[in-house]
Amino acid sequence: MPKISVGSAMILLVIGNLIAVFSDALIKTLSEDVAVYQFVLFRQISAVAILLPLYFFTNKAPLLAGLKWHILRGHIWLFGAIFMVFAISAMPLATANAIFYAAPLLMLPLAMMIFKEQLSNQAVIVAVLGFIGVLVVIRPTYIDWAAIAAFIVAITMAVNNLLIRKLPKKQNVFQTLLMTNIVGIPVAFSLAIWEGKAWDFAPMLTAAGSSSFILIYAGICIIAYRSGQVSKIASAEYSGLLCAVAVGIVWFDEVPDLAMLLGTVLIIAPLIWLAKVEANKKRLEAETI
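Residues numbered from 1 in each chain as written. Predicted model: local features only at pLDDT ≥ 70, side-chain atom pairs only at ≥ 80, totals over all residues. Heavy atoms only, no water.

Some thoughts on the confidence of the model for the chain
In step 1: Confidence in the prediction for the chain averages 81 pLDDT; 85% of positions are at 70 or higher.
In step 2: The lowest-confidence element of the chain is helix H11 (residues 230–233), averaging 63 in pLDDT; the highest-confidence one is helix H9 (residues 185–195), averaging 95. (pLDDT = per-residue confidence, 0-100. Helix = DSSP H or I, 4+ residues; strand = E, 2+ residues; numbered from the N terminus.)

Written as C-alpha cells, this is what we have:
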C-alpha cells in the first residue's frame, strides 16, 4: 500500500470519525432491554456479509497471513464493541464520544514504547489539551459505570489502531476487516448464548447499519495508521466529537451544557493548530527541495 502524507492521513481520519458517529447514533436508538451480546453478534455477522463480496472481487493476499494478530485485534474489537453499546446506551452521545477520544492520548505513549516513535512537542501539547477537554466534559462527579465502560472503549480503540502496523501489508483493507470480524464470531456467539435471552432479530437492521458506518471508519484507520506516524496523526481522531455534539442535538435533543462546550473547544482548537503546523512544515520542506 503506497504511503500517504501526514495531512492526507489526518483528513482521512477526520472523515472516518465523522462517519463513525452515525454508527454510535444507531446504537443509541436501541431499546433499553436489547440483548447486548446478541446485537454485537449481529454486527459481526452483518459485517462479514458486507465484506465477503468485496473480498472476492479484489486482489487477495493469503487470508491467514498474520493470523495471530488478526485474532488479537478481532477480540479487542469485539470487547470494545460490547462496552461501546453499554456506554452509548447509558450516556449522552457527545459525552460518550468525548471519553472515547481519550484514545489518541493513550496512543502516544504506547506508540513511543512499542514502535519507538519520537513525539513532537506539538503532538504532545495537542494530546494533553484534548485529554483535559475530555476531563472537563465528564467531570469527576460524572464518573460511573458508563464512564468506565467508555474509557475501556478508548483503550481498545488505541490498542487496535496501534496493532494495525503488525498486520501483513500485502493484505488489502477488505481482507483485514473481514478477518477482524470473522475471528470474533465464535466468542460473540458464545456470549449471546450465555446471555440467556430469547433470540430477537428485530435489531438486525440496526446492527447492519451500524456495521456499515463503523466498517468505513475502521477501513480508513487501516489506511491512515499504516501510512503515517501515530504521534502526528492520532489527534485527528478528536474531530468526530463535533459531529457527535451536532447529532446529539438534532437526533436526541441532547443540548450540551457549558462544560461540554468548553471541553469541545479544548479538544478541537489544538487539532486545528496542529494541522496548520504540519501544513507549514510540509510547505517549508517543499521550499527547501
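Description of the packing of aromatic side chains
In step 1: Taken as a whole and assessed by the stated rule, the structure comprises 9 aromatic pairs.
In step 2: Ring centres of phenylalanine 86 and tryptophan 145 lie 6.4 Å apart, and the angle between their planes is 55°; on these two criteria the pair is classed as tilted. Taken together, the positions of phenylalanine 86 in helix H3 (residues 67–90) and tryptophan 145 in helix H7 (residues 145–163) put the pair 59 residues apart, joining distant regions of the chain.
In step 3: By relative accessible area, phenylalanine 86 is classed as partly exposed at 29%.
In step 4: The class of tryptophan 145 is exposed, set by a relative accessible area of 51%.
In step 5: Through a chain of ring-to-ring contacts, the aromatic side chains of Phe42, Phe189, Trp199 and Phe201 assemble into a single cluster. (Phe/Tyr/Trp six-rings, centres within 6.5 Å; stacked < 30°, edge-to-face > 60°. Buried < 20%, exposed > 50% of the residue type's maximum accessible area, 1.4 Å probe, protein only.)

Section: H9
In step 1: Those residues of H9 not exposed but buried are Ala188, Leu191, Ala192 and Glu195. The arc that holds the buried residues of H9, viewed along the axis, is 100°, so those residues lie on one side. The outward face of H9, more than 90 degrees from its buried face, is lined by the exposed residues Pro186 and Trp194.
In step 2: Where H9 is buried, its residues touch helix H2 (36–56) and H3.
In step 3: Positive backbone phi, at 80°, marks glycine 196, one or two positions downstream of H9. (Arc of directions from axis to C-beta. Contact = heavy atoms within 4.5 Å.)

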